[in-house]
Amino acid sequence: MKKELTKGFFKENPTFILVLGLCPTLGVSTSVSNAIGMGIAATLVLVGSNFLVSMLKDYIADSIRIPSFIVIIASFVTVVQMVMNAYLPDLYAALGVYLPLIVVNCIILGRAEAFASKNSPLASVMDAIGMGIGFTMSLTMIALIREVIGNGTISFFAWKIALPGLKDNPVRVLAAPAGALLLMGYLKAMFNKIQEKKK
Amino acid sequence: MRLVALLITYVFINNFILVQFMGLCPFIGVSKNSESAIGMGLAVTFVTAVSSTVCYLIYYYLLVPFSLEYLQTVVFILVIASLVQVVERFIRVTSPSLYKALGIYLPLITTNCIVLGISIININEKYNLLESFVSSVAAGLGFTLVIILMSNIRERLELSDVPKSFRGLPIAFVTAGLMALAFMGFDRAIISNLHLA
């Protein structure tokens with residue numbers, strides 16, 4: 001059970017090892033608060049959909065399983081959207097179109113198909129929590145690097161620290177879309193290197 | 001004029017891959033050779049154009065009158081998933097040669113963020129039907145342009161000496177990043193300079 005939980009952190013990290021769900025990863029990683037918000041939203045959807053898919057796996061016919069999974073995921077996304085719109089309107093506005101796009105996040109459909117449709121509900125929830133934490137961690141890591149170097153600040157929802165020196169002359173390219181792609185390339189290379197050494 | 005401005009916006013200025021990061025998975029996955037890149041690009045353009053028009057009609061003539069706007073996400077993804085199936089069948093029957101070229105890419109398109117993304121953006125930006133159609137065709141064309149450029153670069157990368165840890169995905173991301181830097185040259189100012197807005 002513990003293995004199901006921890007494999008998402010590093011060994012099967014959804015962002016850096018499996019390279020899934022990149023649109024939100026790069027799209028909202030301009031600030032740490034957005035990254036954590038997106039991570040939590042995706043984790044909630046992931047836990048809900050993995051649990052339901054694994055409960056219903058014996059009742060869903062094989063030929064229509066993908067559309068069924070998508071409907072289950074879309075319903076959870078809608079719930080998360082409505083809750084976030086009601087209680088965290090600022091975050092809702094900041095995440096914008098990337099929030100409904102959780103539906104087509106390959107991590108969630110991928111886990112439903114590859115794991116939840118074959119395993120028990122408890123194991124699926126563990127897997128979802130682990131993958132969700134792995135996703136949130138990598139998202140936050142990218143966001144932290146981009147925010148510190150590209151904007152010279154560290155923000156966590158309400159409070160914000162401006163870093164002296166960097167705040168006045170940030171490396172703006174890292175805050176721009178191009179910087180996200182470059183950073184992703186270098187981080188992926190770093191993870192490849194670490195994996196190679198382990199072998 | 002507004003339509004030309006929309007076209008330039010979504011092909012160059014707000015390019016879906018390089019600026020909004022939508023459709024990155026197929027972009028990285030299918031850009032290994034230029035033939036499949038063209039196939040994927042055309043298939044995506046076709047599906048975005050059809051599905052965002054259908055989504056537009058369903059949203060304004062079905063969801064809004066019954067005030068069911070909150071079902072947007074669920075309905076749109078269902079429309080897209082079923083449309084992709086219909087399009088696949090239709091092409092298979094009417095044009096076997098086109099099916100041969102696009103066939104394997106069509107099922108992948110359901111989970112392409114661009115298709116759902118542009119449908120939602122059309123609603124959020126309150127475009128009318130013609131504007132929605134143009135913006136979604138432009139989104140598809142922008143995707144096609146970048147994926148073709150990328151596939152040509154990657155064909156060359158195969159032959160060049162890349163450090164071991166960078167082989168494969170990392171160098172593809174770095175290349176995409178450099179392309180995005182170049183695309184930053186397309187600024188909103190283009191539209192006002194050309195007197196389009």
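Nothing here was measured: the structure is a model prediction, and the numbers come from that model.

(A) Inspection of the overall build of chain B at higher detail. When its secondary structure is counted, chain B shows 10 helices and 0 strands. Starting at the N terminus, the α and β elements of chain B follow one another as α-α-α-α-α-α-α-α-α-α. For a compact globule of 197 residues, the expected C-alpha radius of gyration is about 16 Å, and chain B comes in at 18 Å, within 12% of that figure. Considering chain B as a whole, with its 197 residues, one finds that 52% of them fall into the buried category.

(B) Layout of the confidence of the model for chain A. Chain-level pLDDT for chain A is 88 on average; 99% of the residues reach the 70-or-more range. Within chain A, helix 1 (residues 2-6) of chain A has the poorest average pLDDT of any element, 77, and helix 3 (residues 32-56) of chain A the best, 93.

(C) Up close: the interface of chain A and chain B. Across the contact, 37 residues belong to chain A and 34 residues belong to chain B. For the pairing of chain A and chain B, the buried interface totals around 3100 Å² over both sides, and the portion due to carbon and sulfur atoms is 83%. Summed over the three residues of chain A that lose the most area to chain B, namely A:Cys23, A:Val104 and A:Leu181, the buried surface amounts to 20% of that side. At the boundary of chain A and chain B, one finds 1 salt bridge. The residue A:Glu196 makes a salt bridge to B:Lys164 at a minimum N-O spacing of 3.8 Å.

(D) A look at the packing of aromatic side chains. Residues and elements named next belong to chain B. Tallied over the full model, the rule gives 9 aromatic pairs over all chains. Plain terms: the ring middles of Tyr56 and Tyr60 are 4.8 Å apart, the flat faces sit at 50° to each other, and that makes the pair tilted. You can see Tyr56 and its partner Tyr60 sitting in helix 3 (residues 34-63), 4 residues apart, about one turn around the helix. Connected via pairs of aromatic rings, a cluster forms that spans Tyr56, Tyr59, Tyr60 and Phe76.

(E) Geometry of the confidence of the model for chain B. In the predicted model, chain B carries a mean pLDDT of 87, and the fraction of residues at 70 or more is 97%. Ranking the elements of chain B by mean pLDDT puts helix 5 (residues 96-102) of chain B last with 74 and helix 8 (residues 129-157) of chain B first with 92.

(F) Inspection of the packing of helix 1 (residues 2-13) of chain B against helix 8 of chain B at higher detail. All names here are of chain B. Running from N to C, helix 1 and helix 8 point in directions that differ by 30°, and their axes come no closer than 7 Å. When the axis of helix 1 is compared with that of helix 8, the two are roughly parallel. The crossing of helix 1 and helix 8 is right-handed. Residue-level inspection shows Arg2, Leu3, Leu6, Leu7, Tyr10, Val11 and Phe12 of helix 1 in contact with helix 8, the latter providing Leu130, Glu131, Val134, Ser135, Ala138, Ala139, Leu141, Gly142 and Leu145.

(G) Representation of the nonpolar core in the model. Membership of the largest hydrophobic core comes to 108 residues, with the highest contact counts inside it found for A:Leu181, B:Leu18, B:Met22, B:Phe27 and B:Leu116. When residues in this core are grouped by element, the largest group, 10 residues, is from helix 4 (residues 72-94) of chain B. Residues within four places of B:Leu116 in sequence aside, it is in contact with A:Pro100, A:Leu101, A:Val103, A:Val104, B:Phe76, B:Ile77 and B:Ile80.

(H) Geometry of the pairing of strand 1 (residues 153-156) of chain A. Residues and elements named next belong to chain A. Only one face of strand 1 is covered, namely the face carrying Thr153 and Ser155; the face carrying Ile154 and Phe156 is uncovered. Inspection of the sheet shows strand 1 paired to strand 2 (residues 159-162) by 4 bridges, in the antiparallel sense. Its bridge partner lying in strand 2, Thr153 is registered against Ala162. Connecting strand 1 to the antiparallel partner strand 2 that follows it, the hairpin turn spans 2 residues, and Phe157 within it adopts a positive phi of roughly 50°.

(I) Molecular detail of a nonpolar patch on the surface. On the surface, A:Phe51, A:Leu52, A:Met55, A:Leu56 and A:Tyr59 cluster together into a nonpolar patch covering about 490 Å² of accessible area. One can find A:Tyr59 in the loop between helix 3 and helix 4 (65-87).

(J) Spotlight on unusual backbone geometry. All names here are of chain B. One non-glycine residue, Ser67, adopts positive backbone phi at about 40°. Considering the arrangement of structural elements, one finds Ser67 in the loop between helix 3 and helix 4. At Lys126, a position not held by glycine, the phi torsion is positive, near 55°. Mapped onto the elements of the fold, Lys126 is located in the loop between helix 7 (113-124) and helix 8. Residue classification places Lys126 among the exposed residues on the basis of a relative accessible area of 66%.

(K) Up close: the environment of B:Ser36. All names here are of chain B. By secondary structure assignment, the location of Ser36 is in helix 3. Measuring from C-alpha to C-alpha, the distance between Ser36 and Tyr105 comes to 8.6 Å, with 69 residues separating the pair along the chain. In this structure, Ser36 is in contact with Val30 and Tyr105, ignoring residues within four places of it in sequence.

(L) A look at the side chain of A:Asn50. Residue and element names in this part refer to chain A. Relative to the helices and strands, Asn50 is located in helix 3. What makes Asn50 buried here is its relative accessible area of 0%. At a separation of 3.0 Å, a polar atom in the side chain of Asn50 contacts the main-chain carbonyl oxygen of Ser124. Those residues within four positions of Asn50 in sequence are excluded, and the remaining contacts are Arg111, Ala112, Ala116, Ser124, Asp127 and Ala128.

(M) Here's a closer look at the pattern of salt bridges. Residue and element names in this part refer to chain B. What the rule picks out here adds up to 7 salt bridges over all chains. A salt bridge links Arg2 to Glu131; the shortest N-O distance between them is 2.7 Å. Remark: Glu131 occurs in helix 8 and Arg2 occurs in helix 1; sequence separation between them is 129 residues. Since its relative accessible area comes to 46%, Arg2 is described here as partly exposed.

Thresholds applied
- Residues numbered from 1 in each chain as written.
- Chains lettered and ligands numbered in written order.
- Predicted model: local features only at pLDDT ≥ 70, side-chain atom pairs only at ≥ 80, totals over all residues.
- Heavy atoms only, no water.
- Helix = DSSP H or I, 4+ residues; strand = E, 2+ residues; numbered from the N terminus.
- Rg over C-alpha atoms; globule rule 2.2 N^0.38 Å.
- Buried < 20%, exposed > 50% of the residue type's maximum accessible area, 1.4 Å probe, protein only.
- pLDDT = per-residue confidence, 0-100.
- Contact = heavy atoms within 4.5 Å.
- Buried area = accessible area lost by both parts, 1.4 Å probe.
- Salt bridge = Lys/Arg side-chain N within 4 Å of Asp/Glu carboxyl O.
- Phe/Tyr/Trp six-rings, centres within 6.5 Å; stacked < 30°, edge-to-face > 60°.
- Axes fitted to C-alpha atoms, helices over the stretch in contact; angles between N-to-C directions.
- Parallel < 35°, antiparallel > 145°, perpendicular 65-115°, else oblique.
- Left-handed = near helix turned anticlockwise from the far one by under 90°.
- Core = buried A, V, L, I, M, F, W, Y, C linked by side-chain atoms within 4.5 Å.
- Pairing = 2+ DSSP bridges.
- Patch = residues over 30% accessible without salt bridge, like charges linked within 9 Å, V, L, I, M, F, W, Y side chains within 5 Å.
- Areas by Shrake-Rupley, 256 points an atom, 1.4 Å probe, with all protein chains shown as cover.
- Polar contact = N/O pair within 3.5 Å; in protein donor to acceptor, adjacent residues only side chain to side chain.

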